[in-house]
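The chain contents come next:
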Protein chains: 2
Amino acid sequence: MDQETKELRRVGLKVTHPRMRILQIFDEEGVQHLTAEDVYKKLLGHQEDIGLATVYRVLTQFEAAGIIVKHNFEGGQAVYELDRGKHHDHMIDVDSGKVIEFVSEEIERLQHEIAARHGYVIEDHSLVLYVRPRQRVRKD
Amino acid sequence: MDQETKELRRVGLKVTHPRMRILQIFDEEGVQHLTAEDVYKKLLGHQEDIGLATVYRVLTQFEAAGIIVKHNFEGGQAVYELDRGKHHDHMIDVDSGKVIEFVSEEIERLQHEIAARHGYVIEDHSLVLYVRPRQRVRKD
DNA sequence: ATGCCTGCAAAAGCTTTGCATCCGC
DNA sequence: GCGGATGCAAAGCTTTTGCAGGCAT
């Protein structure tokens, strides 16, 4: 039995065609951050006849099941990525739109410290750096 | 000449009734984070006949002028707050919806360090902690 | 067979825009 | 008076939902 089937069974979701295809898309090499629309277009490209509404429903279920993580970056559209277990934050190159992942134990620690100082525990957090390539040395 | 008029002149915006009233709402005591809808409702409460579209247009102009800052927290609606000059991040109590502001020079420093390590400079950033009140001692 | 899933279309929620009118300077 | 600003309504976008039929178990 393949990996995707096992994954769906594991989280208690019925193994249906749309769910399999969508999960496979996220398992593809190099795929990282996709919007619902991105997923939908990829499905169309693979000659799949799956409705956009289903894509949204499945992504929501996957998120609830902990298979994927949803991010609300700027720009209106939510982006989803496979939850590979290790938490990380994001840096977005505002010129190219490229997304870079990073982790900082130090920042994580400080966040908890700050929350605790205010009498809270962190439930979740979102850290996004909007960046621009550092100016290269002039090439003239 | 009052403070709001000066502020509008300073950023080069014509001093109109809607812009004055909206700016005054943000200048009110205790006001911190408002959605466009919040601002609109407050205007209605003050017997003002200003359209929601105008509220959006004015908020957008204020943001471009640096008078207010726009945040895209979770939940679809953008929230705006007066830009009082000193940058800060946010902590949101997911139970009450309360927003707490905080600053951490340490985290700011680490962010720049991380961006630099990847060859970038930070253009902007967003850090939001979704928190819950720390569990009181069990009472059973 | 049963109950969850899906596709389609419609609706919903937030924000933007077209247009005729109005107002600040 | 002129050009930008506003109100209203309509449109735009992303996401959600109702419903009838379909499919996994």
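Nothing here was measured: the structure is a model prediction, and the numbers come from that model.

A.B. asks: Explain the overall build of chain A here, please?
C.D. replies: Along its length, chain A carries five helices and six strands. Scanning chain A from its N terminus toward the C terminus, one meets helices and strands in the order α-α-β-α-α-β-β-β-β-α-β. On C-alpha atoms alone, chain A measures out to a radius of gyration of 18 Å, which is more than a quarter above the 14 Å that the 2.2 N^0.38 rule sets for 140 residues. Dimensions along the principal axes, computed over C-alpha positions, put chain A at roughly 55 × 45 × 30 Å. Looking at chain A as a whole, 39% of its 140 residues are labelled buried. By sequence separation, contacts in chain A at least 24 residues apart represent 43% of the contacts at least 6 residues apart. In the form shown here, chain A has an accessible surface area of approximately 8,300 Å², with 47% of it arising from carbon and sulfur atoms. Both charge centroids of chain A, one from 20 positive and one from 25 negative side chains, sit 2 Å from each other.

A.B. asks: Can you help me understand the layout of surface pockets in this one?
C.D. replies: Space left empty within the atom packing is revealed by a probe, the size of a water molecule, rolled over the atoms. Roughly 1,000 Å³ of internal volume is contained in the largest pocket. The wall of the largest pocket is formed by 48 residues, among which A:S126, A:V128, B:S126, B:L127 and B:V128 lie closest to the centre. Listed by contribution, the elements that provide at least two residues to the lining of the largest pocket are β2 (68-71), β3 (79-82), β4 (89-93) and β6 (120-133) of chain A together with β2 (68-71), β3 (79-82), β4 (89-93) and β6 (120-133) of chain B. Along the lines of polarity and charge, the residues of the lining of the largest pocket split into 13 nonpolar, 17 polar and 18 charged.

A.B. asks: How do you make sense of the protein's contact with DNA strand D when you look at a structure like this?
C.D. replies: Taken together, 20 residues lie around DNA strand D, and A:Y56, B:T16, B:R19, B:T54 and B:R57 are the ones closest in. What you see for DNA strand D is that sugar and phosphate hold 73% of its atoms within 4 Å of the protein. Note that a phosphate oxygen of DNA strand D is positioned 3.0 Å from one of the side-chain N or O atoms of A:Q77. B:R57 places a polar side-chain atom, nitrogen or oxygen, 2.8 Å from a base nitrogen of DNA strand D. Element by element, the count of residues in the surface near DNA strand D is highest for helix α4 (residues 52-65) of chain A, at four residues. Taken together, the residues of the surface near DNA strand D sort by class into eight nonpolar, five polar and seven charged.

A.B. asks: Explanation requested: the sheet that holds β2(A) in the structure shown.
C.D. replies: What holds strands together in a sheet is hydrogen bonding between their backbones, with the strands either parallel or antiparallel. Residues and elements named next belong to chain A. In spatial order, the strands read β1-β3-β2; together these three strands make up an open sheet with antiparallel pairing. Looking at the sheet topology across the chains shown, the edges are occupied by β1 (34-35) and β2. Alignment of β1 against β3, held across two bridges, turns out to be antiparallel. In the sheet register, L34 faces β3, and the bridge partner there is Y80.

A.B. asks: Mind showing me how you'd approach the interface of chain B and chain A here?
C.D. replies: Many analyses report the size of an interface as the accessible area lost when the parts associate. On the side of chain A, 33 residues touch chain B, which itself brings 32 residues to the contact. Counting across the interface, chain B meets chain A through two salt bridges. Between B:E123 and A:R132 there is a salt bridge; the shortest N-O distance is 3.0 Å. Across the chain B-chain A interface, the total number found is 16 residue pairs in polar contact (both at pLDDT 80 or more). Listed by contribution, the elements that provide at least two residues to the side of chain B that touches chain A are β4, β5 (99-102), α5 (105-117) and β6 of chain B. Take the side of chain B that touches chain A: its biggest share by element is 14 residues, from β6(B). Tallied by class, residues from the side of chain B that touches chain A come to 17 nonpolar, seven polar and eight charged. Of the pairings in the sheet, the one linking β6(A) to β6(B) comprises 13 bridges and is antiparallel in character. By the bridge assignment, A:H125 is partnered in β6(B) with B:L129.

A.B. asks: Where do I start with the pattern of salt bridges in this structure?
C.D. replies: Two side chains with opposite charge may pair up if their charged atoms get near one another. In this structure the tally under the stated criterion is 16 salt bridges over all chains. Note that B:R132 is salt-bridged to B:D95, the shortest N-O span being 2.5 Å. In this pair, B:R132 sits in strand β6 while B:D95 sits in the loop between β4 and β5, placing the two residues 37 residues apart along the sequence. When its relative accessible area of 32% is taken as the criterion, B:R132 is described as partly exposed. The partner of B:R109 in a salt bridge is B:E113, and the shortest N-O contact between them spans 3.0 Å. Linking B:R109 with B:E113, this pair stays in helix α5, spanning four residues, or about one helical turn. The class for B:R109 is partly exposed, based on a relative accessible area of 43%. Taken together, the shared-partner salt bridges in this structure form one network comprising A:E106, A:R109, A:E113 and A:R117.

Reading the values: the criteria
- Residues numbered from 1 in each chain as written.
- Chains lettered and ligands numbered in written order.
- Predicted model: local features only at pLDDT ≥ 70, side-chain atom pairs only at ≥ 80, totals over all residues.
- Heavy atoms only, no water.
- Helix = DSSP H or I, 4+ residues; strand = E, 2+ residues; numbered from the N terminus.
- Rg over C-alpha atoms; globule rule 2.2 N^0.38 Å.
- Buried < 20%, exposed > 50% of the residue type's maximum accessible area, 1.4 Å probe, protein only.
- Contact = heavy atoms within 4.5 Å.
- Areas by Shrake-Rupley, 256 points an atom, 1.4 Å probe, with all protein chains shown as cover.
- Lys, Arg positive; Asp, Glu negative; His and termini not counted.
- Charge placed at Lys NZ, Arg CZ, Asp CG, Glu CD.
- 1 Å grid on protein atoms, 1.4 Å probe; cavity = no way out; pocket = protein on both sides within 12 Å on 5 of 7 lines; lining within 4 Å.
- Points joined across faces, edges and corners; volume = space filled by probe spheres on them.
- Nonpolar A, V, L, I, M, F, W, Y, C, P; charged D, E, K, R; others polar.
- Near = heavy atom within 4 Å.
- Polar contact = N/O pair within 3.5 Å; in protein donor to acceptor, adjacent residues only side chain to side chain.
- Pairing = 2+ DSSP bridges.
- Salt bridge = Lys/Arg side-chain N within 4 Å of Asp/Glu carboxyl O.

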